[in-house]
Amino acid sequence: MTDGTRTFTDARTWARTGTQLLLDAVAGLDEAAFAAPSALPDWTRKHLAAHLAANADALGNLVHWAATGEETPMYASAGERAAGIAKGPALSADELRSWLTDSAHELAAGLDRLTDEQWGREVVTARGRTVPATELPWMRAREVCVHAVDLGTGGVTFADLPKGFLTALIAEISDSRGLTELPDGPLPEVAAWLAGRPHALAGAPELGPWL
């Protein structure tokens, strides 16, 4: 296993890949399928899709911050994130799919417009971390890749995610959880275990959800 080093170019590629996996996964969902449970406790696929659409909008605020220098938090208030998620079940399948698609495309376009100077500007995440704008593609890649699996449609598993992404994800979660030793197993299964998702690693202790 590599050390999980990732580049800015890697993260941008993974964000695009994950976005396409996500949009493909919801393309054929009807009302009943969208209203079905996701792989996340207490969340339907509508909740999860709304979260991802709202996340794209929120990251778009940070893109605006980087582009203009105008301080624009991801969320205007502590309750705005929860409100975005709660909005999902009230939307029709077509409305939710449009929001998810439009917000993803708007975020991608905003990122594409950033200049070299703007990519280096610092912004503040919803968790209060000050990071350069170059971190935004990685933040989006994590969301779209992991949650594409969480939709639970069967079309996307951790094994379908890019190997480099899984390696970087494992490195990040291991560090955040303070783990120095990992169980032996296929890369996708180790990543799923670390993220607190279903896995096939025999004897591995259960971890709480991450992301």
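Now for a description of the structure that goes with this document. Since the structure is predicted, the reported quantities are computational estimates derived from the model, not experimental observations. Residue positions are given per chain, counted from 1 along the sequence in the order it is written. In keeping with the model being predicted, local features are shown solely for residues with a pLDDT of at least 70 and side-chain atom pairs are shown and tallied solely at 80 or more, while totals for entire chains, interfaces and linings include all residues. Computation of side-chain values covers all heavy atoms of the structure but excludes hydrogens and water.

As for the overall build of the protein chain
Part 1: Counting secondary structure elements, the protein chain contains nine helices and two strands.
Part 2: Relative to the globule expectation of 17 Å for 211 residues, the C-alpha radius of gyration of the protein chain, 17 Å, shows essentially globular dimensions.
Part 3: Over its C-alpha atoms, taken along the principal directions, the protein chain stretches across nearly 50 × 40 × 30 Å.
Part 4: Partly exposed residues are those whose accessible area sits between 20% and 50% of the maximum for their type, while under 20% is buried and over 50% is exposed, using a 1.4 Å probe and protein chains only. In the protein chain, which comprises 211 residues, the proportion classed as buried is 47%.
Part 5: Residue contacts are counted whenever heavy atoms from the two residues lie within 4.5 Å of one another. Intrachain contacts of the protein chain at a sequence separation of at least 6 include 59% that bridge at least 24 residues.
Part 6: For the area figures, the Shrake-Rupley method with a 1.4 Å probe applies, and any residue is considered shielded solely by the protein chains shown. Surface exposure of the protein chain reaches about 10100 Å², of which carbon and sulfur atoms provide 52%.
Part 7: When charges are tallied, Lys and Arg are placed among the positive residues and Asp and Glu among the negative ones, while His and the ends of the chain are skipped. A single reference atom marks each charge: NZ on Lys, CZ on Arg, CG on Asp, CD on Glu. In the protein chain, 17 positive and 28 negative side-chain charges are present, and the distance between their average locations comes to 1 Å. The helix count covers DSSP runs of H or I at least four residues long, the strand count covers runs of E at least two residues long, and both are numbered beginning at the N terminus. What the globule rule says is 2.2 Å times the number of residues to the power 0.38, and the radius of gyration is computed from C-alpha atoms.

Considering the nonpolar core
Part 1: With 49 residues, the main nonpolar core has Leu100, Trp138, Phe158, Leu161, Phe165 and Leu169 as its most contacted residues.
Part 2: Among the secondary structure elements, those contributing two or more residues to this core are helix H1 (8-26), helix H2 (31-35), helix H3 (45-68), helix H5 (93-113), helix H7 (136-150), helix H8 (163-177) and helix H9 (187-194).
Part 3: In this structure, Leu161 is in contact with Leu21, Cys145, Val149, Val156 and Leu166, ignoring residues within four places of it in sequence.
Part 4: What makes a nonpolar core is a set of buried Ala, Val, Leu, Ile, Met, Phe, Trp, Tyr and Cys residues whose side-chain atoms join them at distances within 4.5 Å. Ranked by size, the runner-up nonpolar core spans 18 residues in total, among them Ala56, Trp65, Ala66 and Met74.

Section: unusual backbone geometry
Part 1: Phi at Asp42 is positive, roughly 70°, even though this residue is not glycine.
Part 2: Here Asp42 is to be found in the loop between H2 and H3.
Part 3: The exposure class assigned to Asp42 is exposed, which follows from its relative accessible area of 75%.
Part 4: One non-glycine residue with positive phi stands out, namely Leu211, at about 70°.
Part 5: Inspection of the secondary structure assignment puts Leu211 in the segment after H9.

Notes on the environment of Arg177
Part 1: If you trace the backbone, Arg177 turns up in helix H8.
Part 2: Looking at Arg177, the relative accessible area reads 27%, which means it is partly exposed.
Part 3: With 128 residues separating them along the chain, Arg177 and Ala49 place their C-alpha atoms 27 Å apart.
Part 4: What Arg177 contacts, discounting residues up to four positions off in sequence, is Leu194, Ala195, Gly196, Leu207, Gly208, Pro209 and Trp210.
Part 5: Definition of a polar contact: a pair of N or O atoms within 3.5 Å, with one able to donate and the other able to accept a hydrogen when the atoms are protein atoms, and with sequence-neighbouring residues admitted only if both atoms are side-chain atoms. Within polar-contact distance, the side chain of Arg177 engages the backbone oxygen of Leu194 at 2.9 Å.

Describing the pattern of salt bridges
If the charged atoms of two oppositely charged side chains come close together, the side chains can form a pair.
Part 1: By definition here, a salt bridge exists when the distance from a side-chain nitrogen of Lys or Arg to a carboxyl oxygen of Asp or Glu is within 4 Å. Evaluation of the coordinates by the stated rule reveals eight salt bridges.
Part 2: Put simply, Glu172 and Arg142 hold a salt bridge, and the shortest N to O gap is 2.5 Å. Here Glu172 is found in helix H8, whereas its partner Arg142 is found in helix H7, with 30 residues between them in sequence.
Part 3: You can call Arg142 buried: its relative accessible area is 14%.
Part 4: Taken together, the salt bridges that share partners define one network made up of Arg12, Arg16 and Asp112.

Overview of a negative patch on the surface
Part 1: A cluster of acidic residues, Asp57, Glu80, Asp102 and Glu106, forms a negative patch on the protein surface.
Part 2: Position of Asp57 relative to the elements: it lies in helix H3. For patches, a residue must show more than 30% relative accessible area and have no salt bridge; joins then use 9 Å for like charges and 5 Å for nonpolar side chains, namely Val, Leu, Ile, Met, Phe, Trp and Tyr.

The quantities given are spatial measurements derived from coordinates; they are silent on function.
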